[in-house]
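As a plain string of letters, each chain reads:
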Amino acid sequence: MPAHAAGPGGPGGDSPDLAVVVAGDGTGRTTSVRSGEPDFARLRQLLRPTATGTEKVPQDWIEGRHPAVRATVTWGTTGVGGWPETDRAPGGDIFMGRQDQVFLAGDGTPWIRSDPAPDVDDDDLRWHRASRTVYDQVERTALFGSGPVVGGGSGPGDRAWWAQPGLARGLAAGLVLGCGGTVLIRRAAARREPGPPREPRQELIDL
């Protein structure tokens, strides 16, 4: 099966046009929004899914003792794939890639923690601040949930649930398949040592 290089937004570096949002209020509510919808535009402005840099955060946050998660967002690119990878016509598949988590610091500043390749077992997690004005706009839509936020960070040294291979992927895949198409998932050999990930691969996941 051929491999494909993947950029920040998906195959070939395409910008994502689909977002799957898991609310952080303990309900497990999952919502998908697409390019062209107001909620998608606000999410994109808040999270900046093509950003690749990182900012310094407290060591406690890196070790898992961070504020409660407001929402988890998985970004997707539609209209990819096709022959010879699948027996569908070209453009009928969905690539699910980068995942972002939203936190609210004690001073009211929104922070985003990003995993560019959640299926790769590495330490490449990146942080950046976000606009409080845009965050408030998203909150008013109840996209992040309407109830109180549940839980805090994971224990020291633990990977958050959304970064565990296959778990958040399965949530996202189950939802986007309602729109039709195969889900393309970025994969790479598991690594446990810190450092940048190896060149990622995409493989077809038969669902």
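Reading the values: rules and limits
Residues numbered from 1 in each chain as written. Predicted model: local features only at pLDDT ≥ 70, side-chain atom pairs only at ≥ 80, totals over all residues. Heavy atoms only, no water. Salt bridge = Lys/Arg side-chain N within 4 Å of Asp/Glu carboxyl O. Helix = DSSP H or I, 4+ residues; strand = E, 2+ residues; numbered from the N terminus. Buried < 20%, exposed > 50% of the residue type's maximum accessible area, 1.4 Å probe, protein only. Axes fitted to C-alpha atoms, helices over the stretch in contact; angles between N-to-C directions. Left-handed = near helix turned anticlockwise from the far one by under 90°. Contact = heavy atoms within 4.5 Å. Nonpolar A, V, L, I, M, F, W, Y, C, P; charged D, E, K, R; others polar. pLDDT = per-residue confidence, 0-100. Core = buried A, V, L, I, M, F, W, Y, C linked by side-chain atoms within 4.5 Å. Arc of directions from axis to C-beta. Polar contact = N/O pair within 3.5 Å; in protein donor to acceptor, adjacent residues only side chain to side chain. Phe/Tyr/Trp six-rings, centres within 6.5 Å; stacked < 30°, edge-to-face > 60°. Lys, Arg positive; Asp, Glu negative; His and termini not counted.

Colleague: Give a description of the pattern of salt bridges that names residues and reports values.
Modeller: Inspection of every chain in the model, using the stated rule, returns eight salt bridges. When the shortest N-O distance is used, the salt bridge between R42 and D39 registers 2.8 Å. Separated by three residues within a single helix, R42 and D39 lie in helix α1 (residues 38-47), roughly one turn from each other. Given the relative accessible area of 23%, D39 is considered partly exposed. Members of the salt-bridge network, linked through shared partners, are D60, E63 and R65.

Colleague: Could you give an account of the packing of α1 against helix α3 (residues 132-140), naming the residues involved and the relevant values?
Modeller: Contact geometry of α1 with α3 gives a least axis separation of 9 Å together with a crossing angle of 145 degrees. Relative to α3, α1 is oriented so that their crossing is left-handed. Taken together, the residues of α3 that come into contact with α1 (itself represented by R42, L43, Q45 and L46) are V134, Y135, Q137 and V138. Of the residues assigned to the contact of α1 with α3, the class counts are five nonpolar, two polar and one charged.

Colleague: Describe in detail the confidence of the model for the protein chain, supporting the description with residues and values.
Modeller: On average, residues of the protein chain carry a pLDDT of 74, and 61% of them reach 70 or more. Within the model, the stretch residues 154-167 combines pLDDT values under 50 with 37 contacts to residues more than four positions away or in other chains. In this model, residues 186-207 is a region of pLDDT below 50 whose contacts with residues beyond four sequence positions or in other chains number 67 contacts.

Colleague: How would you summarise the nonpolar core if you had to cite specific residues and measurements?
Modeller: Membership of the largest hydrophobic core comes to 18 residues, with the highest contact counts inside it found for L43, L46, L47 and F144. Elements with a contribution of two residues or more to this core: β3 (18-23), α1, β5 (69-80) and α3. If you tally residues by element for this core, the top one is α1, at four residues. Membership of the second largest hydrophobic core comes to seven residues, among which are V57, W61, A105 and W111.

Colleague: Explain α3 to me, and be specific about the residues and the numbers.
Modeller: The set of residues buried in α3 consists of V134, Y135 and V138. What you see down the axis of α3 is that its buried residues fit within an arc of 105 degrees, all on one side. With respect to the buried face of α3, the exposed residues turned more than 90 degrees away are T133 and R140. Contacts made by the buried residues of α3 are with α1, β5, β6 (93-104) and β7 (110-115). Where α3 begins, one side-chain oxygen reaches toward the backbone nitrogen of T133, 3.3 Å away; that side chain belongs to S131.

Colleague: Residue-level account of the side chain of D122, with values.
Modeller: On the secondary structure map, D122 appears in the loop between β7 and β8 (126-129). There is a polar contact of 3.0 Å between the side chain of D122 and the backbone nitrogen of D124.

Colleague: I'd like a rundown of the packing of aromatic side chains, residues and numbers included.
Modeller: Counting across every chain of the model gives five aromatic pairs. With 5.8 Å between their ring centres and 85 degrees between their planes, F40 and W75 make a pair best called edge-to-face. Placement of F40 in helix α1 and of W75 in strand β5 is noted, with a sequence separation of 35 residues between them. An identical accessibility class is assigned to F40 and W75; each is buried.

Colleague: Tell me about the side chain of D25, residues and numbers included.
Modeller: Locating D25 in the fold gives a position in the loop between β3 and β4 (30-34). R29 provides the closest opposite charge to the buried, salt-bridge-free D25, at an N-O distance of 6.1 Å. Polar side-chain contacts of D25 include one of 2.7 Å to the side chain of T27.

Colleague: Tell me about unusual backbone geometry, residues and numbers included.
Modeller: Glycine aside, a negative phi is what most residues show, and trans is what most peptide bonds show. At R48, a position not held by glycine, the phi torsion is positive, near 50 degrees. Along the chain, the position of R48 falls in the loop between α1 and α2 (59-62).

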